Amino acid sequence: MRTYTADVPSRTETVSLQVPAGATSVRVRFRYTGGDNWYWVIDGVRIDRS
C-alpha cells in the first residue's frame, strides 16, 4: 500500500506485489481520501507478470 500525505509531482511509480502460491486472480484498488480534490490522476496502469 502506498500513502501520500502531501502533494506529489507527476511521476512513474513501480510497485512489486507478493503473489501467494496458488493464486489464480488479482484485484488492484485505488482509493482517494481527502478534501483537496482540485486535481489527481491515475493513468497508464500496467500489470506485468514476471
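Figured I'd write up the structure that's included with this text. (Residues numbered from 1 in each chain as written. Predicted model: local features only at pLDDT ≥ 70, side-chain atom pairs only at ≥ 80, totals over all residues. Heavy atoms only, no water.)

Digging into the overall build of the chain
What counts, and what does not: Helix and strand labels come from DSSP, where a helix needs a run of H or I of at least four residues and a strand needs a run of E of at least two; each type is numbered from the N terminus. For a compact globule the rule gives 2.2 Å times the number of residues to the power 0.38, and the radius of gyration it is set against comes from C-alpha atoms. Calculation of accessible area relied on Shrake-Rupley with a 1.4 Å probe; when residues are assessed, cover is drawn exclusively from the protein chains displayed.
Counting secondary structure elements, the chain contains zero helices and zero strands. Its C-alpha atoms give the chain a radius of gyration of 14 Å, clearly above 10 Å, the size a compact globule of 50 residues would have. Across its three principal directions, the C-alpha atoms of the chain cover 40 × 20 × 15 Å. When the accessible surface of the chain is split by element, carbon and sulfur atoms take 49% of a total near 6,000 Å².

As for the pattern of salt bridges
Condition: Salt-bridge detection follows one rule: a side-chain nitrogen of Lys or Arg within 4 Å of a carboxyl oxygen of Asp or Glu. Each residue gets one of three labels from its accessible area relative to the maximum for its type: buried under 20%, exposed over 50%, partly exposed in between, using a 1.4 Å probe on protein chains only.
Overall, the coordinates contain two salt bridges when judged by the stated rule. The salt bridge partner of Glu13 is Arg11, with a shortest N-O separation of 3.1 Å. When the shortest N-O distance is used, the salt bridge between Asp48 and Arg46 registers 3.0 Å. When its relative accessible area of 69% is taken as the criterion, Arg46 is described as exposed.

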